[in-house]
Amino acid sequence: MSTERVYNFSAGPAVLPEEVLKEAAEEMLNYQGSGMSVMEMSHRSKVFDQIIKEAEKDLRELMNIPDNYKVLFLQGGASQQFAMIPMNLMKNKVADYIITGQWAKKAWKEACKFGKANVAASSEDKTFSYIPDCSDLPISEDADYVYICENNTIYGTKYKKLPDTKGKILVADVSSCFLSEPVDVSKYGIIYGGVQKNIGPAGMVIVIIREDLITEDVLPQTPAMLTYKTHADADSLYNTPNCYCIYMCGKVFKWLKKMGGLAAMKERNEKKAKILYDYLDESKMFRGTVVPEDRSLMNVPFVIGDDELEKKFIQESAEAGFANLKGHRTVGGMRASIYNAMPMEGVEALVKFMKEFESKNS
Ligand SMILES: *Cc1c(COP(=O)(O)O)cnc(C)c1O
């Protein structure tokens, strides 16, 4: 058993800022003089009320969320939104989906249960290694919304420009790029993400939704728990929320503010990703799998193209303290997820290890 922390390149649940974990540890038995852990406290208590309100306030500040948007802290992860979105938004029972990977495809499949979900574009022809041109898509006249997965966790692509939705509502899954750079929330109807990639522990999704999309006019038989209005009216406290997760996310928001906010994070993330991409471009052994113009700053898949050597690399890197570098089973090879909380030194150390591996094995 190792007593040291490793560099954790997992795609999710993923690395959290060490500072935040230490703070949570200090507060574990007695949160700010309340005499109990946040895990033990009522979600209706004054102490928790302050935790959730402050988390929302900090998130609003970080993302510059306009007043006509609600912030919801919900359960069911990102996957539950795959159903909740059509159930709440498909008034005409038509929506357009852009398929850029497995998560978008899963969302599309779920929407097919509720109405006519069209595929407006797809990059499946080349194993999702690029983002399709979305400047002039065949958007349906009567589409209730256009759906994208903005950063494709498995394939390592990211939209550098949002699609032209021709006036339709844009809905985006930002699970794996949440808070990695500034966004203009006003361009979206719904922007949502599971928090276990770039924000906090697993089991929660944050939904930022424009107020006019929160209505009682949902598909028949939509359960109360899957209706946005239920949660919006109750300020995310309709049922017992994931209190501890909200508390941890709140701490990460404060950490991000201290780091200088999202513009500073973007600069840092670009620097960090460049170290790895530059090496992948010059290496004779490793290569990235994504077209350069659509590369994600958060998830970096790469291959050697030799099963034995890849196995060896994954094993030896794990032994050297670089955890979870094995690629997704549908892409193979390796993937380094370098979220906000991955320090620069982690990426520098990984590249150094890769260089040594290359020179020893070629
Ligand atoms: C991980 C992930 C999901 C699924 O998240 P869950 O919280 O497990 O449901 C959905 N979309 C994207 C982009 C992801 O990275």
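To keep things clear, this report deals only with the structure shown in the data block. (Residues numbered from 1 in each chain as written. Predicted model: local features only at pLDDT ≥ 70, side-chain atom pairs only at ≥ 80, totals over all residues. Heavy atoms only, no water.)

1. Quick notes on the side chain of Thr 230
For step 1, the next point in the chain: Mapped onto the elements, Thr 230 comes out in helix H5 (residues 228–233).
For step 2, the next point in the chain: The buried category is assigned to Thr 230, whose relative accessible area is 16%.
For step 3, the next point in the chain: Within polar-contact distance, the side chain of Thr 230 engages the backbone oxygen of Ala 224 at 2.7 Å.
For step 4, the next point in the chain: Discounting chain neighbours no more than four positions away, the residues touching Thr 230 are Ala 224 and Tyr 238. (Helix = DSSP H or I, 4+ residues; strand = E, 2+ residues; numbered from the N terminus. Buried < 20%, exposed > 50% of the residue type's maximum accessible area, 1.4 Å probe, protein only. Polar contact = N/O pair within 3.5 Å; in protein donor to acceptor, adjacent residues only side chain to side chain. Contact = heavy atoms within 4.5 Å.)

2. Topic: the site of the ligand
For step 1, the next point in the chain: Taken together, Gly 77, Ala 78, Ser 79, Phe 82, Trp 103, Cys 149, Asn 151, Thr 153, Asp 173, Ser 175, Gln 196 and Lys 197 are the residues near the ligand.
For step 2, the next point in the chain: At 2.6 Å from an oxygen atom of the ligand is found a side-chain nitrogen or oxygen belonging to Ser 79.
For step 3, the next point in the chain: One nitrogen or oxygen atom from the side chain of Thr 153 is found 2.4 Å from an oxygen atom belonging to the ligand.
For step 4, the next point in the chain: Surface burial for the ligand is 87%, taken as the share of its 390 Å² of free accessible area covered by protein chains.
For step 5, the next point in the chain: With four residues, the top contributor of residues to the shell around the ligand is helix H3 (residues 77–89).
For step 6, the next point in the chain: When the residues that make up the shell around the ligand are grouped by side-chain class, the tally is four nonpolar, six polar and two charged. (Near = heavy atom within 4 Å. Areas by Shrake-Rupley, 256 points an atom, 1.4 Å probe, with all protein chains shown as cover. Nonpolar A, V, L, I, M, F, W, Y, C, P; charged D, E, K, R; others polar.)

3. A short note on the nonpolar core
For step 1, the next point in the chain: Grouped together as the largest cluster of nonpolar side chains are 87 residues, with contacts concentrated most on Met 63, Ile 206, Ile 208, Phe 286 and Phe 313.
For step 2, the next point in the chain: Per-element tally for this core: the top contributor is helix H6 (residues 243–258), with 11 residues.
For step 3, the next point in the chain: Contacts of Met 63, omitting those with residues within four sequence positions, involve Phe 178, Leu 179, Val 183, Val 185, Ile 191, Ile 208 and Leu 262.
For step 4, the next point in the chain: Ranked by size, the runner-up nonpolar core spans 35 residues in total, among them Ile 154, Ile 169, Ile 214 and Leu 219. (Core = buried A, V, L, I, M, F, W, Y, C linked by side-chain atoms within 4.5 Å.)

4. Quick look at the sheet that holds strand S10 (residues 205–210)
For step 1, the next point in the chain: What the seven strands build is an open sheet, ordered S2-S10-S9-S8-S5-S3-S4; its pairing is mixed. A strand with exactly one partner marks an edge of an open sheet, and here the two such strands are strand S2 (69–74) and strand S4 (116–122). Taken pair by pair, the neighbouring strands of this sheet meet at an average axis angle of 20 degrees, ignoring direction.
For step 2, the next point in the chain: Across the sheet, helix H2 (residues 46–63) is in contact with S2, strand S9 (190–194) and S10; its angle to S2 comes to roughly 130 degrees. (Pairing = 2+ DSSP bridges. Axes fitted to C-alpha atoms, helices over the stretch in contact; angles between N-to-C directions.)

5. Overview of the pattern of salt bridges
For step 1, the next point in the chain: Scanning the entire structure with this criterion turns up 23 salt bridges.
For step 2, the next point in the chain: Taking the shortest distance from any N to any O, the salt bridge between Lys 251 and Glu 27 comes out at 3.0 Å. Taken together, the residues Lys 251 in helix H6 and Glu 27 in the loop between helix H1 (18–26) and H2 connect sequence positions 224 residues apart. Pair check on accessibility: Lys 251 and Glu 27 agree, each one buried.
For step 3, the next point in the chain: Measuring nitrogen to oxygen at the nearest pair gives 2.8 Å for the salt bridge that ties Arg 295 to Asp 281. (Salt bridge = Lys/Arg side-chain N within 4 Å of Asp/Glu carboxyl O.)

6. Some words on the environment of Asp 133
For step 1, the next point in the chain: Assignment of secondary structure puts Asp 133 in the loop between S4 and strand S5 (146–149).
For step 2, the next point in the chain: Measuring from C-alpha to C-alpha, the distance between Asp 133 and Thr 165 comes to 12 Å, with 32 residues separating the pair along the chain.
For step 3, the next point in the chain: At 2.7 Å, the side chain of Asp 133 forms a polar contact with the side chain of Ser 135.

7. A word on the pairing of S5
Regular strands have side chains that alternate between both faces of the sheet.
For step 1, the next point in the chain: Of the two faces of S5, the one holding Val 146 and Ile 148 and the one holding Tyr 147 and Cys 149 are both buried throughout.
For step 2, the next point in the chain: Of the strand pairs in this sheet, strand S3 (residues 94–99) and S5 are connected by two bridges, and their pairing is parallel. By the bridge assignment, Tyr 97 is partnered in S5 with Tyr 147.
For step 3, the next point in the chain: Pairing analysis gives four bridges linking S5 to strand S8 (residues 170–173), with the strands arranged parallel. Among the inter-strand pairings, Cys 149 is bridged to a residue of S8, identified as Asp 173.

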